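# Inside the fold
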Amino acid sequence: MKILLIQPYGSTQPPLGLCLLAAALKKGGYNDIALVDLLRFDIKVTSPIRTWEYLEKKLEEKPDAVLITGATPTFKEALELAKMARPFTKTILIGGSHATIFKERILEKVPYVDVVVYGEADETICTIMKKLENGGNSNLSGITGVCYRDKKGKIIRNQPTPPIMDLDKLPWPDRDIIDMDSYHGAFIVLTSRGCPHACTFCSRPVTGATFRGRSPKNVVDELEMLLTKYPETARRINRIITFSDENAAVDKQRVIDICDEIIKRKLNIKFVLTNGLHVTSAHEELYQKLAKAGCVSLWFGVEQGTDKMLKTIKKGATEKLIKKAVDIAHAAGIPFVGGHFMIGCEEETLEDARKTIQFAKNIGFDATGWNHAAPTPGTPLWDYVMQHGKLLWEFEDVVNYSNFKHDHTAPQFETPEFTTAERKQAYKEAIKMMDEVMRNKIMAPKNVAKFIKNTAKHPEDLPWAIKRVYNIYTKSDLRRHYDMKPSMKIKTNEGKPLINADPYS
C-alpha cells in the first residue's frame, strides 16, 4: 500500500505528528510512505522534498491513501490540498487538532474528504489502513477515533480513542522520512502528552487533559540516538534539543530523572523549553538539575500579571507564584528566563493590561513575548467572544479560519470594555517596555565589552555589528530584528552552516 502524508504549512521544526504516524505505519509493515512538509513562504531554506513539485510528483505516483494534517489556521490549506489530491487517490484522510474539534462536521461540509481521524491515532492508524485495503472507505466500523461515510452515504462517528497511557511503547518519530537539514530546530522532542490545567484560551483537543510522561530512560535513549544517528545535524545545530511538551514538568521528579540521565551519560547537549512551563513547576532541585543538564533557555507561560486576570483565565497561578518561579530559575543558573504574555483575554481592560505590562517589566525576565489573545474554536475564550465580543475577521464555520493569525501581532477580537484601539495601544506599550528591557541588557557594560571583543576577533562580523547597533537604537520589537552573525555560521565539511546556540556571544 502506497501512503502519502502531507503537512500544508511547515515550519523550522520537523512535523512530529506526521513523523510519529510514519513510524507507527512502518512498525506495522507499511514501508511505501512519503512525507511532504511544504515550506512556509517566510522560511528561508531550500529542500528538494519540501516543494510543490515534489508533492505533484508524489501525487502522480497515485498513492492509495493520502493523510493530511491541519491546525485551525491552516485547515483551509489542508482542504485545498485534499481537493488537489482527489483525482490521484482512493482515500483522503484528514487529521490533527482541527479535525479533532469538528469531527463529522467536516464530512458534512467537504464531500471530497473520505475519513476524519480524530484524537491520538498512533495505535489505530495501521488498523485503519488494513480496513481500507480490505473494504474501502465505508468499512471502518469498530475503529475508535474515526468518522466516515457508510455504503449508504450516512456519516458515522465512532467512539473516541482513549488516551495512550504508556507512551514508551510507541516508536520514536521517523526522521529518516524528512529532510533534516531543512530544519533549524531539527532535534525537537516530545517527552509527554496532555496538560491538566484548564486555561480558557488553550486548545489541546488531541492530547487532552490527562498528563502522560515517557520514562526518563526512553527520553534520553532518543536523545542519544539523535546525536549518534545524525552527527552532522547535531554539529550544525550545536547539539541543541528543543522540548515541545505542552507542560513538561507536571511530574517534577520525572524531569529531574531525565536531567540525571542526561548528566550520567555525559551527552553534552544544550536544550530549550520554549512552549512555556507552568509556574507551578517552581522547584529548586528541578531548576538546578535543568541548568546542570544543559538547559539554556526556559520560558514560562504566564499570560497575565494580576491575580484578578489569572483567576479569570483559570491559569492556576498567582503573582506571588510567578515571581517565585522566575527567582528560582535565575538562582539555579539557567542562562535565559523568558515569559509568554497575552493582551486582551476575557473581561480584561486597558488598565488590566497596563498592570500586566508593569508586572512583566518588574518580575526579572530576560525577555518577554507578547501576543494578542486569539480565540480558538472549542475553547471557553471562543465561546466568550461569540457571546460578549466581536471577531475582527471573517470565517467560514468548520472549513476556513485562515484569518486566524499564526503571529498574533494584531487584535483578533474586541469587547465593549477593551476596544480595538485600546488593544493596539496596550500592545504598543508592551513592545516598548520589552525593547527597553532588552536594550538595557544588551547595552550593559559587560555585554558591550564582549560585543566589541568578539567583533574584533571576527572582522567578517563588522557589517553585521554596525547593522546590529543600528537596529538596537532604531527598531521596534527587537526580538524580531536579530540576524545570525557570519562568524556563527561555521561551515561543516559538507558546506552546511553550524549554528551557535548563544546569540549574545
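Everything in this summary refers to the structure shown in the same document.

Conventions used here
Residues numbered from 1 in each chain as written. Predicted model: local features only at pLDDT ≥ 70, side-chain atom pairs only at ≥ 80, totals over all residues. Heavy atoms only, no water. Helix = DSSP H or I, 4+ residues; strand = E, 2+ residues; numbered from the N terminus. Salt bridge = Lys/Arg side-chain N within 4 Å of Asp/Glu carboxyl O. Buried < 20%, exposed > 50% of the residue type's maximum accessible area, 1.4 Å probe, protein only. Polar contact = N/O pair within 3.5 Å; in protein donor to acceptor, adjacent residues only side chain to side chain. Contact = heavy atoms within 4.5 Å.

Quick look at unusual backbone geometry now. Although it is not a glycine, Asn268 sits at a positive phi angle of roughly 55°. With respect to the helices and strands, Asn268 occurs in the loop between helix H9 (252-265) and strand E12 (270-277).

What follows concerns the pattern of salt bridges. Evaluated as defined, the whole model comprises 29 salt bridges. A salt bridge links Asp397 to Arg105, with the nearest nitrogen and oxygen atoms 2.2 Å apart. Of the two residues, Asp397 sits in the loop between strand E16 (390-391) and strand E17 (413-414) while Arg105 sits in helix H5 (residues 104-109), which places them 292 residues apart along the sequence. In this structure, Asp221 and Arg265 form a salt bridge, with 2.8 Å as the shortest nitrogen-oxygen distance. With Asp221 in helix H7 (residues 216-229) and Arg265 in helix H9, this pair connects stretches of sequence that are 44 residues apart. Just as Asp221 is buried, Arg265 falls in that class too. The structure contains a network of salt bridges with shared partners spanning Lys217, Asp221, Glu224, Glu261 and Arg265.

This part is about the side chain of Ser182. Mapped onto the elements of the fold, Ser182 is located in the loop between strand E7 (155-157) and strand E8 (188-189). Since its relative accessible area comes to 2%, Ser182 is described here as buried. Reaching out from Ser182, the side chain makes a polar contact with the side chain of Arg50 at a distance of 3.1 Å. A distance of 2.8 Å separates a polar atom in the side chain of Ser182 from the backbone oxygen of Asp179. Dropping the residues within four chain positions of it, Ser182 is found in contact with Val45, Thr46, Ser47 and Arg50.

Limitation: the analysis is restricted to geometry and does not speak to function.
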